[in-house]
Amino acid sequence: MSTITDHQTSAGCSLETLLEFMTHSPEETQALGSSLVHLLQPPCVVLLRGELGSGKTTLAKGIVVGLGAAREEDVTSPSFTLVHEYRQGDHCVYHADLYRVEGSREIETLGLEELMAARATVLIEWGDKLGPELPVPRIEIELTHLGGDERRIVVRRAMPAAGTEKR
Ligand SMILES: Nc1ncnc2c1ncn2[C@@H]1O[C@H](COP(=O)(O)OP(=O)(O)O)[C@@H](O)[C@H]1O
Ligand SMILES: [Mg+2]
């Protein structure tokens, strides 16, 4: 694990690497998700990036449970419903999966903009489909399948690049 190792700039925002991990089982990835919640004070948008099977949903489950928004057994993949809402007391988490969404018109019907404006934690798989609509600041978590049960998980913070206004 390392802290603040590099800075990159992409699409008008600056990406700062906060943390890097390797996990070796789904349980470890889920526990990691729960341990990251201190970084996710709402309102907060979290982009989960990585190929199919890299562990995005597994990590999201850990985040939802760690935030106290639902029990483990109640968190499932939103790949068919597109957006799941978890609410418990003060905690509200939306978990979206845009894998099956095609075109900007369909994305608009999801009302993600309102969700992202709410005082909630919004977890988004395949969020790159939103293009420039992604809010900054946000957290990006990149998962890489390294073969077998091994995954590399990198947590970055996207901030407005110097000279650009906060959206
Ligand atoms: N270290 C690991 N972290 C997360 N998932 C793992 C790991 N090792 C194996 N897996 C398996 O990989 C799959 C990840 O699925 P999922 O979380 O749905 O991925 P995604 O949402 O990125 O498509 C699950 O079947 C899980 O059991
Ligand atoms: Mg998934």
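Further up the page is the structure itself.
Numbers given to residues run from 1 along each chain, matching the order in which its sequence is written. Lettering of chains starts at A and numbering of ligands starts at 1, both following the order in which they are written. Where totals are concerned, whole chains, interfaces and linings use all residues; where local detail is concerned, this predicted model gives features only for residues with pLDDT of at least 70, and gives and counts side-chain atom pairs only at 80 or more. Side-chain metrics rest on all non-hydrogen atoms present in the structure, leaving aside hydrogens and water.

Chemist: An account of the overall build of the chain is needed here, citing residue identities and associated values.
Modeler: Secondary structure is summarised from DSSP: a helix means a run of H or I of at least four residues, a strand means a run of E of at least two, and numbering begins at the N terminus for each. When you go through the chain residue by residue, the secondary structure sums to 4 helices and 8 strands. As defined in this context, the radius of gyration uses C-alpha atoms, and a globule is described by 2.2 Å times the residue total to the power 0.38. For 167 residues, the compact-globule estimate of 2.2 N^0.38 gives 15 Å, and the chain sits close to it at 15 Å. Seen through its principal axes, the chain has C-alpha atoms that stretch 40 × 35 × 30 Å. By residue count, 44% of the 167 residues in the chain fall in the buried class. Here the Shrake-Rupley method, with its probe set to 1.4 Å, supplies the accessible areas, and only the displayed protein chains count as covering residues. When the accessible area of the chain is evaluated, it comes to approximately 8,800 Å², of which 50% is carbon and sulfur surface. Within this scheme the basic residues Lys and Arg register as positive and the acidic residues Asp and Glu register as negative, but His and the chain ends are omitted. One atom stands in for each charge, and that atom is NZ of Lys, CZ of Arg, CG of Asp or CD of Glu. Here the chain contributes 16 positive and 25 negative side-chain charges, whose respective centroids are spaced 2 Å apart. Classification of residues uses two cut-offs on accessible area relative to the type maximum, computed with a 1.4 Å probe and protein chains only: under 20% is buried, over 50% is exposed, and between them is partly exposed.

Chemist: I'd like a rundown of the site of ligand 1, residues and numbers included.
Modeler: T29, G53, K56, T58 and D149 are the nearest of the 16 residues found near ligand 1. Distance and chemistry together define a polar contact, namely a pair of N or O atoms within 3.5 Å, with one atom able to donate a hydrogen and the other to accept it when in protein, and with adjacent residues in sequence counting only for side-chain atoms on both sides. Note that a nitrogen atom of ligand 1 is positioned 2.6 Å from one of the side-chain N or O atoms of T29. Measuring from an oxygen atom of ligand 1, one finds a side-chain N or O atom of K56 at 2.7 Å. Protein chains shield 75% of the accessible area of ligand 1, which is 570 Å² for the free molecule. Here a residue is near a molecule or strand as soon as one of its heavy atoms is found within 4 Å of it.

Chemist: Report on unusual backbone geometry, specifying residues and quantitative values.
Modeler: Here P42 and P43 are connected by a cis peptide whose omega angle stands at 0°. With respect to the element layout, P43 can be found in the loop between α1 (26-35) and β3 (44-49). Going from V136 to P137, the amide bond is cis rather than trans, its omega being 0°. In this structure, P137 sits in the loop between β6 (121-125) and β7 (138-145). Positive phi outside glycine occurs at L82, with the angle close to 75°. Residue position: L82 is located in the loop between α2 (56-66) and β4 (83-88).

Chemist: Talk me through the packing of aromatic side chains; I want residue IDs and the actual numbers.
Modeler: Two rings from Phe, Tyr or Trp (for Trp, the six-membered ring) form a pair when their centres are within 6.5 Å of each other. A pair whose planes differ by under 30 degrees is stacked, one over 60 is edge-to-face, and the rest are tilted. Evaluated as defined, the whole model comprises 1 aromatic pair. Ring centres of Y99 and W126 lie 5.0 Å apart, and the angle between their planes is 45°; this geometry places the pair in the tilted category. With Y99 in the loop between β5 (91-97) and α3 (103-109) and W126 in the loop between β6 and β7, this pair connects stretches of sequence that are 27 residues apart. We call a charge positioned above a ring when the Lys NZ or Arg CZ atom is no farther than 6 Å from the ring centre and deviates by at most 35 degrees from the ring normal. The ring of F80 has R100 sitting right over it, with the charged end atom 4.4 Å from the ring centre.

Chemist: For the coordination of the magnesium ion (ligand 2), give the residues involved together with the corresponding values.
Modeler: Protein ligation of the magnesium ion (ligand 2) involves T57 (OG1) and E125 (OE), the donor distances falling in the range 2.2 Å. Of this pair, T57 sits in helix α2 while E125 sits in strand β6, placing them 68 residues apart in sequence. The class for T57 is partly exposed, based on a relative accessible area of 25%. Counted as donors are N, O and S atoms no farther than 2.8 Å from the metal, or 3.2 Å for Na, K and Ca; water is not among the atoms, and sites may therefore look incomplete.

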